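# Architecture and fold: a report
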Amino acid sequence: MAEYTAISNVVVIGHGVSLSMMAALLGHGLTRHSKTITVVQLPDMANDCDVVVSGPEFTALCDILKLPIEQVISHCVEGFSLGTCYHKDQRSWFVPFGHMGLIMGAAYFDQGILRALKDELLPELQWQHLSLAAQAVSAGKFAIAGPKQTHLQGPLKYAVTLNRQAYRTLLQQIVQQAGIKIIATASITPTYHETGAISDL
């Protein structure tokens, strides 16, 4: 039988929002199991942007960290996004993060629309005409679906643009509340991969 050595101490090295986010997630998952976590915070990189763009997984992250989403939005959010707009060959189309807004039985309404477009059954129909998110973007109006508006939560999934410093401060508060020790240092000179990840110390 293989023998395993239990890990009792975890050290995380990095910088910026990604470090704070990793520390917050580890603090949520490991400190309750009597693990000691130490965060070594390196100086920020010179090319760090002032904002952080998240995907629609942002709300799930808030749920994991027990962050009141209203607090995050009021303190950190600078903008919302409901999907991605693509441009090619003088054409443009919008793809929402959520579904189209109507489910027929076990199949999504999207599948029927795609089939109709493919077979040219509805030549005047455009995808965004049937997307609730696309219509909201076109009108320049958006409101977060409330907890009882389950029929709107799916089609109006959203991403956010966060103020980097405000979001980082909020995450660091979570880290400190979890009892994680933070050591700021400039004496370590890491080697960075072209993706921005640390490849060597």
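Here, the structure is the one placed above.
So, here is what we can say about the structure in this document. (Residues numbered from 1 in each chain as written. Predicted model: local features only at pLDDT ≥ 70, side-chain atom pairs only at ≥ 80, totals over all residues. Heavy atoms only, no water.)

### Overview of the nonpolar core
To keep things clear, this is the line we draw: For our purposes a nonpolar core is just a set of buried Ala, Val, Leu, Ile, Met, Phe, Trp, Tyr and Cys residues, chained together by side-chain atoms within 4.5 Å. Using a 1.4 Å probe on the protein chains alone, a residue whose accessible area is under 20% of its type maximum counts as buried, one over 50% counts as exposed, and one in between counts as partly exposed. Numbering of helices and strands runs from the N terminus, with a helix taken as a DSSP run of H or I at least four residues long and a strand as a DSSP run of E at least two residues long. Residue contacts follow a heavy-atom distance rule, with two residues in contact if any of their heavy atoms lie within 4.5 Å.
Core analysis: the biggest nonpolar cluster contains 34 residues, and Val-72 and Leu-162 have the highest contact counts within it. Sorting the residues of this core by element identifies strand S1 (9-14), helix H1 (16-30), strand S2 (36-41), helix H2 (58-64), helix H3 (69-76), helix H5 (132-139), strand S9 (159-163) and helix H7 (164-177) as the ones contributing at least two each. In this view, Val-72 contacts Phe-58, Cys-62, Leu-67, Val-77, Leu-162 and Leu-170; residues no more than four positions away in its chain are not counted.

### Focus on the sheet that holds S1
Think of a sheet as strands paired side by side through backbone hydrogen bonds, with each pair either parallel or antiparallel. Spelled out, the test is: Note on pairing: two strands pair once DSSP finds at least 2 bridges between them. The axes are straight lines fitted to the C-alpha atoms, using for helices just the contacting stretch, and the angles between their N-to-C directions are given from 0 to 180°.
Here we have 3 strands laid out as an open sheet, ordered S1-S2-S10, and parallel in their pairing. Every other strand in the sheet has two partners, leaving S1 and strand S10 (181-184) as the edge strands with one partner each. When the angles between neighbouring strand axes are averaged without regard to direction, this sheet yields 20°. Note: S2 against S10, 4 bridges, orientation parallel. Along S10, the bridge assignment pairs Thr-38 with Lys-181.

### What about the pairing of S2?
With respect to burial, S2 is a largely interior element, 5 of its 6 residues being buried. Pairing of S1 with S2 involves 6 bridges; the strand directions are parallel. Of the residues in S2, the one forming a bridge with Gly-14 is Gln-41.

### Digging into the side chain of Thr-38
Looking at the element boundaries, Thr-38 is found in strand S2. For Thr-38, a relative accessible area of 18% corresponds to the buried category. Setting aside anything within four residues of it in sequence, one finds Thr-38 in contact with Val-10, Val-11, Val-12, Lys-181 and Ile-183.

### A short note on the packing of aromatic side chains
Quick reminder of the rule: Stacked, tilted and edge-to-face are the three classes applied to pairs of Phe, Tyr and Trp rings, where Trp contributes its six-membered ring and a pair requires centres within 6.5 Å; stacked means planes under 30 degrees apart, edge-to-face means over 60, and tilted covers the rest.
For the coordinates displayed, the defined rule picks out 3 aromatic pairs. Where Phe-80 meets Phe-142, the ring centres are 5.4 Å apart and the plane angle is 55°; that geometry is what we call tilted. Here Phe-80, found in strand S4 (residues 77-81), pairs with Phe-142, found in the loop between H5 and helix H6 (150-153); they are 62 residues apart in sequence, far enough to count as distant. Look at Phe-80 and you get partly exposed, because its relative accessible area is 39%.

### Digging into empty space enclosed by the protein
Put simply, the rule reads: Definitions used throughout: a 1 Å grid over protein atoms alone; a cavity as a set of points that fits a 1.4 Å probe which cannot get out; a pocket as an open set with protein on both sides within 12 Å along at least five of seven lines; a lining residue as one with an atom within 4 Å of a point. Grid points are joined across faces, edges and corners, and a volume is the space filled by probe spheres set on the points.
Inspection of every chain in the model, using the stated rule, returns 1 cavity of 30 Å³ or more. Taken as a whole, the largest cavity spans an internal volume of roughly 40 Å³. The wall of the largest cavity is formed by Leu-19, Ser-20, Ala-23, Val-39, Gln-41, Gln-172, Val-175 and Ile-182. Elements that contribute at least two residues to the lining of the largest cavity include exactly H1, S2 and H7. Looking at which element gives the most residues to the lining of the largest cavity, the answer is H1, with 3 residues.

Geometric values such as these leave the question of function open.
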